[in-house]
Amino acid sequence: MQTILFQKQNNIAHITLNREEALNAFNYQMLKELQEIVQQIHLDKEIRAVIITGAGKRSFSSGADLKERKTLTEPQVRRNVKAIRDCFDAIANLPQPTIAAVNGYCFGGGFELMIACDFVIAVKGAKMGLTETSWAIIPGAGGTQRLPRLIGEMKAKELILTAKKITAEEAYELGAVLRVVEENSLLEESVALANHILKNGPVAVTQAKYAITLGMNTDLNTGLDIEAKAYELTIPTEDRLEALQAFSEKRPPTFKGR
């Protein structure tokens, strides 16, 4: 891997977009490498949470690599757009909870990656936005669909149609960011959130995420059916019985993910 750094530590996968000299912009190579890592994570049951950040202190990701884009033919542009869409969809569909640790600029595809994650923790003053219309294109990796679901249709239209750049603090007020932190505590806060999640039953966490994510894109009655089926999968687990036993013995439970 040349454009992605990846490591596992204490059941947490750490992904770093590693093109600091290009503000961690997405070229085709980075998209293919990120997709490969995401596929590995999806199948790795030892990984129970994922943190994604950018190399350096300036940028999470500035979006598509416009220098590369300028050299591409129309079929190659379509190839890249499909690759980034497929990659971010794969991240959104990971069974493990995902945290975007936004360490700086977060524009275009970088913003779309951010909102494809379950949680966003950003450094104070980080600039972000969906700026594609200023380049005579539109968000093509989920931005027009995920952002309205996250902050509401009218606010999403304002940000997308004006290509407005906002701060992490403004994104927090809109509900697009969970927490705004000092630069030197970004990783610490992200790991702390992951560890809070890791204390809970692994099957329960993945099923709760599945029920919320799928249910949000359907009607209430269908969502309730999804919840019921997800709950059913937790009933026969060893972890559920362990939680009850630990409660009776007044000790923390030891979950095994089965």
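The following refers to the structure shown. Residues take numbers from 1 onward in each chain, read along the sequence in its written order. Only residues with pLDDT of at least 70 get local features here, since the model is predicted, and only at 80 or more are side-chain atom pairs given and counted; chain-wide, interface and lining totals rely on the full set of residues. Excluding hydrogens and water, the side-chain figures rest on all heavy atoms present in the structure.

Considerations on the packing of helix α1 (residues 28-43) against helix α3 (residues 74-92)
- The axes are straight lines fitted to the C-alpha atoms, using for helices just the contacting stretch, and the angles between their N-to-C directions are given from 0 to 180°. The helix and strand labels rest on DSSP assignments: H or I over at least four residues marks a helix, E over at least two residues marks a strand, and numbering proceeds from the N terminus. Taken N-terminus to C-terminus, the directions of α1 and α3 make an angle of 25°; their axes are 9 Å apart at the nearest point. With respect to α3, the element α1 is oriented roughly parallel. In the packing of α1 onto α3, the handedness of the crossing is left-handed. Facing α1, whose interface residues are Tyr28, Leu31, Leu34, Gln35 and Val38, α3 presents Arg79, Asn80, Ala83, Ile84, Asp86, Cys87, Phe88, Ala90 and Ile91.
- Three categories are distinguished: nonpolar for Ala, Val, Leu, Ile, Met, Phe, Trp, Tyr, Cys and Pro, charged for Asp, Glu, Lys and Arg, and polar for the others, with Gly belonging to the last. Here the contact of α1 with α3 is composed, by residue class, of ten nonpolar, two polar and two charged. Angle categories are assigned with fixed cut-offs, so that under 35 degrees is roughly parallel, over 145 is roughly antiparallel, 65 to 115 is roughly perpendicular, and the rest are oblique. Crossings are sorted by hand: turned counterclockwise from the far helix by less than a right angle, the near helix makes the crossing left-handed, and turned clockwise it makes it right-handed. Here, residues are in contact when the closest pair of their heavy atoms is within 4.5 Å.

Some remarks on the pairing of strand β2 (residues 12-17)
- Under the scheme applied here, a residue whose accessible area is under 20% of the maximum for its type counts as buried, over 50% as exposed, and between as partly exposed, the area being computed with a 1.4 Å probe on protein chains only. Counting buried positions along β2 gives six out of six residues, so the element sits mostly inside the fold.
- The alternating pattern of β2 places Ile12, His14 and Thr16 on one face and Ala13, Ile15 and Leu17 on the opposite face, and all of these are buried.
- Strand pairing is assigned whenever DSSP identifies at least 2 bridges connecting the two strands. Where strand β1 (residues 4-9) folds back on β2, the antiparallel hairpin that results is connected by two residues, among which Asn10 adopts a positive phi of roughly 55°.
- As paired strands, β2 and strand β3 (residues 49-54) are joined by six bridges and run parallel to one another. Pairing of Thr16 across the sheet is with Thr53, part of β3.
- Between the parallel elements β2 and β3, the chain passes through α1 in a crossover that is right-handed. With strands facing away from the observer, any crossover in which the path from the first strand over the helix to the second runs clockwise is taken as right-handed.

Quick look at the packing of aromatic side chains
- Pairing of aromatic side chains requires ring centres within 6.5 Å, counting the rings of Phe and Tyr and the six-membered ring of Trp. Pairs whose planes differ by under 30 degrees are stacked, by over 60 edge-to-face, and all others tilted. Enumeration over the complete set of coordinates arrives at two aromatic pairs.
- With a centroid separation of 5.5 Å and 70° between ring planes, the pair formed by Phe26 and Phe88 is classed as edge-to-face. Taken together, the residues span a long stretch of sequence, with Phe26 in the loop between β2 and α1 and Phe88 in helix α3 at a distance of 62 residues.
- A relative accessible area of 2% means that Phe26 is categorised as buried.
- Taking 5.9 Å as the distance between ring centres and 25° as the angle between the ring planes, the aromatic pair formed by Tyr105 and Phe107 counts as stacked.
- Only Lys NZ and Arg CZ are tested; either one counts as a charge over a ring when it is within 6 Å of the ring centre and within 35 degrees of the ring normal. Over the ring of Tyr28 we find Arg79, and its NZ or CZ is 3.7 Å from the ring centre.
- The residue whose ring lies beneath Lys165 is Phe107, and the NZ or CZ to ring-centre distance is 5.1 Å.

Quick look at helix α10 (residues 220-234)
- A helix is expected to span 1.5 Å multiplied by its residue count minus one. Look at α10: 21 Å from first C-alpha to last across 15 residues, which is about the 21 Å you get at 1.5 Å a residue.
- The complete set of buried residues in α10 reads Gly223, Ile226, Ala230 and Thr234. Burial along α10 is one-sided: seen end-on, the buried residues are contained in an arc of 90°. Exposed residues on α10 whose side chains face more than 90 degrees from its buried face are Asn221, Lys229, Tyr231 and Glu232.
- The elements touched by buried residues of α10 are α9 (202-215) and α11 (238-248).
- Regarding α10, its N-cap is Asp219, as a side-chain oxygen of that residue lies 3.2 Å from the backbone nitrogen of Asn221 further along. Taking the helix axis as origin, the arc is that swept by the directions to the C-beta atoms. Pairs of N or O atoms within 3.5 Å make up the polar contacts considered here, provided that, within protein, one atom can donate a hydrogen while the other can accept it, and that residues adjacent in sequence are counted only when both atoms are side-chain atoms.

Points about the nonpolar core
- By size, the foremost hydrophobic cluster in this structure holds 62 residues, and its most contacted members are Leu34, Phe88, Met114 and Met128.
- In contact with Met114, other than residues within four places in its own chain, are Phe60, Ala100, Val102, Cys106, Val120, Met128, Ala176 and Val177. Throughout this description, the term nonpolar core refers to a set of buried Ala, Val, Leu, Ile, Met, Phe, Trp, Tyr and Cys residues connected via side-chain atoms within 4.5 Å.

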